[in-house]
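As a plain string of letters, each chain reads:
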Amino acid sequence: MAATQTSKSMNLAVLLLIVGLSGCCGVIFHAEIKTPTFGIDYDNNTFVMDGKPFRYISGSIHYSRVPYQYWDDRLHKMAAAGLNAIQTYIPWNIHETVQGQYDFEGQQDIVTFFKTAQKYNLAVILRPGPYICAEWEFGGLPAWLLKDPSIKVRTTDPVYLKAVMKWMEKLYSVISPLLYKNGGPIITVQIENEYGSYPACDYTYLEVLRDLAWKYLGTDVVLFSTDGDGDGYLKCGTINGVYATVDFGITYHPEKNFAIQRHKEPEGPLVNSEYYTGWLDHWGQNHSTVPTAAVAKSLDLMLALGANVNMYMFEGGTNFGFWNGANYPYHPVPTSYDYDAPLTEAGDITDKYMQLRNTIAKYNPGARMKIPPSTPKYAYGKVQMIFVETVVSYVDGTSKPLSSKYPVNMESMDHYYGFVLYAHELKETVTDARIDLSGARDRAYVMTMSGNTLSSVGVVERDSGNATLTFSARADDSLFILVENQGRINYGGQMNNNLKGLISNVTLNGDNLTDWLNYPVNVESDIINKQIVKSSSSRMPALEYSIPSVYSGQLKIMDEPMDTYLDMSLWTKGQIFVNGLNLGRYWPHKGPQVRLYVPKYALKKGTNNIALIELEESPCQNKEQCYISFYDKPLINATVSPDVSHGLVPNNMDRMFYRGNLTFSEKYTGKVGSGRRQLSFFETVYDFVMKIVETKWGILFL
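Notes on the structure follow. Note that residues are indexed from 1 along each chain, following the sequence as it is written. Local features in this predicted model are restricted to residues whose pLDDT is 70 or higher, and side-chain atom pairs enter the listing and the counts only when it is 80 or higher, whereas totals over whole chains, interfaces and linings include all residues. Only hydrogens and water are set aside when side-chain values are computed; all heavy atoms of the structure are taken into account.

Further remarks concern the packing of helix α9 (residues 292-304) against helix α10 (residues 351-361). Two quantities define a packed helix pair, namely the angle between the helix axes and the distance between the axes. In this description, a line fitted to the C-alpha atoms serves as the axis of each element, helices being fitted only across the stretch in contact, and the angle between N-to-C directions of two axes falls anywhere from 0 to 180 degrees. In this description a helix means any DSSP run of H or I spanning at least four residues, a strand means any run of E spanning at least two, and both kinds are numbered starting from the N terminus. Relative orientation of the contacting elements α9 and α10 amounts to 20°, with a least axis distance of 9 Å. Compared by their axis directions, α9 and α10 come out roughly parallel. In this structure, the crossing between α9 and α10 has a hand that is right-handed. Across the interface between the two elements, T292, A293, V295, A296, L299 and D300 of α9 pack against D351, K352, Q355, L356, T359 and I360 of α10. Note that Gly is not counted as nonpolar here; it falls among the polar residues with everything else outside the nonpolar set of Ala, Val, Leu, Ile, Met, Phe, Trp, Tyr, Cys and Pro and the charged set of Asp, Glu, Lys and Arg. Its residues assigned to classes, the contact of α9 with α10 comprises six nonpolar, three polar and three charged. Orientation is classified from the angle alone, with under 35 degrees giving roughly parallel, over 145 giving roughly antiparallel, 65 to 115 giving roughly perpendicular, and any other angle giving oblique. Crossing handedness: left-handed means the near helix sits turned counterclockwise from the far one by under a right angle, and right-handed means the same turn made clockwise. Whether two residues are in contact is decided by their heavy atoms: any pair within 4.5 Å suffices.

Set out below in structure tokens:
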């Protein structure tokens, strides 16, 4: 008995010693340590998290489109909607803007983004690329890939694949600790993106990407693919070892859409990886909207089937800077990526958010939490702008050009975004000469200079059907062509034709012009940072207000800044900067976006410096109209009449609402072809009613 008591006492002492050591040394001892697990239960058609069935109700948010200071706010609101997961893309080109130099800080700090999601118990469905589409510049691929003009992206092309393998190794080293099995929030990882719609159909390429994921993340990680709900897409988009999912929009018979997934995955969870809550915009087209009641009803039907659903988008965000993409035939995407999502571009709560939250609550009732408020907005009013200098005079006087016999494209100058200026000295006098700029990518602003007088010749836009202009000039006059890169194609086979600047020779009356000076225009360093706050009092104004020029102004803020919207309705087309931040492009005469979202973090208490590059027509010939205005409400569905410089008119372009999944050409061009099934009379009436009952009563009606 005494020996037994002594043994117990010694065991207790040892236990106390261990506890003491664990306290002093920060070591936690567990009787049994369980490793988190996530997988697929094919027998029961479900995902499994830690041995229990798991179904995700997710929403897409792109960290690259939301100011990093607002990540917490947006993720909090997504959790408050009842979501238990988010989905996001990783754009390669924002992390490796210069080849071999990686950036994971600030806006690119994905570790913080994922940990913030985990803070709100949101699992992460990761789409790491290398290609992402997303209406993002070059589909997320870095433009420096195009320095080799023979490259074939999204294939086993050795030049492309070498860069991809190096990048994915670096990226996977960052995200591996964030996998669910390692204590992080990442539960699934996508291989490529909608590859079934790409004409290459290179299975070896997909297998290389799969094997890279297995090598660096482990063979126990759930890999998946996403393709449209058609057998043709699944044929080229899926490979062994990667779980096939589909994407589609509004449908009243989701079992038919999921039947396509079952052709490839007869067992396993039903997954709609992109359920469209809205749609993308293009310049010159109406802002896309999808009726709230229909979105909620279709979501309800999918969840009732037990499906896993990711809503694309839950918040769209903003294409700041030069990061917008473009679709083909060439249609660039606006700065706003609002997407008619449940959370607005500025992260505000909408009726769509509330109705979807109610739908989700039927299936995830325990996830209710208080909804954070929308961020306050402020109308700061007018800011007077002043002329600083023409783009030509500044660049010609400060930048070192590259001399060449023929024009050089942007990529060959190691210059990838924004603008490039080309200069040529005419060797003879010309009258009504015809200049051909068929190689302009994407928009060329043509000028001549005789003596010190700079004059506008006109504008050439790619794919407009007319790439020629007529002008007269004297021998020794200078010809200037400012070319704007409006965003690279992000989808389809034309991605391999994405060079920018002048990509072919310029002809004058059919003859090639030779001997050029090529100036890369570094707007942030060459123009904005050095020039913006200088007074224009000592400078001559532009003789023509159609000459591309820089203008500046100052906004005084007395209190702590608030979010706001910058109205550009008096201006025509250009780029705008606030305190050095490139807010993005404006083009109110094209529409649908007229006002640009300005997050409060772009502003500061005190003096805020504003710069813009107006490319076409400044209102400053009338000093009373030489201003910009800050409002407290967005305007992303209007155009500015060219006949009424300060009057807004609705964009009346018709837009039909289609349920189901569009063909991929329809999806990205907005053009509906003969392959789209016709709506029945009942469905047509139903859609009409859905548009009318765009209120809280819509759910009751359904």
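A few words now on the sheet that holds strand β2 (residues 46-49). The strand order across the open sheet built from three strands is β1-β2-β3, with neighbouring strands paired in antiparallel fashion. Of all the strands in the sheet, just β1 (38-41) and β3 (52-54) have a single pairing partner and so form its edges. The sheet shows a mean angle of 45° between the axes of neighbouring strands, direction not considered. Pairing between β1 and β2: four bridges, direction antiparallel. Following the sheet pairing, I40 is matched in β2 by F47. A pair of strands is considered paired only if DSSP assigns at least 2 bridges between the two.

What follows deals with the pairing of strand β7 (residues 186-190). Side chains on a regular strand alternate between the two faces of the sheet. Taken across its five residues, β7 has five buried, putting it largely inside the fold. Here strand β6 (residues 123-127) runs beside β7; their pairing, made up of three bridges, is parallel. Counted as the bridge partner of L126 is V189 from β7. Sheet analysis places β7 next to strand β8 (residues 222-228), joined by three bridges and oriented parallel. Bridge pairing links T188 to V222 in β8. For the handedness criterion, the strands are oriented away from the viewer, and a crossover whose path from the first strand over the helix to the second runs clockwise is classed as right-handed. In this fold, the crossover linking β7 to β8 by way of helix α6 (residues 203-217) has right-handed handedness. Categorising residues by exposure relies on relative accessible area from a 1.4 Å probe, with only protein chains included: less than 20% of the type maximum marks a residue as buried, more than 50% marks it as exposed, and the intermediate range marks it as partly exposed.

Grouping buried Ala, Val, Leu, Ile, Met, Phe, Trp, Tyr and Cys residues that are joined through side-chain atoms within 4.5 Å yields what is termed a nonpolar core. Of all hydrophobic cores here, the largest spans 160 residues; its most connected members are W571, I576 and I628. Here the element with the most residues in this core is helix α5 (residues 158-175); it accounts for ten residues.

Moving on, we come to the packing of aromatic side chains. Between the rings of Phe, Tyr and Trp (Trp by its six-membered ring), a pair exists once the centres lie within 6.5 Å; its type follows the angle of the planes, with under 30 degrees stacked, over 60 edge-to-face, and the other angles tilted. Per the stated rule, a full pass over the model turns up 35 aromatic pairs. With 5.4 Å between their ring centres and 80° between their planes, Y312 and Y339 make a pair best called edge-to-face. You can see Y312 sitting in strand β11 (residues 308-315) and its partner Y339 sitting in the loop between β13 (331-332) and α10, a full 27 residues away along the chain. Taking relative accessible area as the criterion, Y312 reaches 2% and is therefore assigned buried. Aromatic rings pair up to connect Y63, Y68, W71, F113 and F114 into one cluster.

Moving on: the state of the cysteines. A pair of sulfur atoms, both from cysteines and within 2.5 Å, is called a disulfide here. The final tally for this structure, using the stated rule, is two disulfides. Here C201 is linked by a disulfide to C236, with a sulfur-sulfur distance of 2.0 Å. Where C201 bonds to C236 through sulfur, the torsion about that S-S bond is close to -90°, and the disulfide is left-handed. One end of the pair, C201, is in the loop between β7 and α6; the other, C236, is in helix α7 (residues 231-237), with 35 residues separating them in the sequence. For C201, a relative accessible area of 23% gives the class partly exposed. One disulfide in the model links C620 with C626; its S-S distance is 1.9 Å.

As a further point, take the packing of helix α2 (residues 71-80) against helix α4 (residues 110-119). Running from N to C, α2 and α4 point in directions that differ by 35°, and their axes come no closer than 9 Å. The two elements α2 and α4 cross, and the hand of that crossing is right-handed. Taken together, the residues of α4 that come into contact with α2 (itself represented by W71, D72 and L75) are T112, F113, T116, A117 and K119. Looking at the contact of α2 with α4 residue by residue, the classes come out as four nonpolar, two polar and two charged.

Within the secondary structure, K352 sits in helix α10. Residue classification places K352 among the buried positions, given a relative accessible area of 4%. Dropping the residues within four chain positions of it, K352 is found in contact with T277, V290, T292, V295, D340, A341 and P342.

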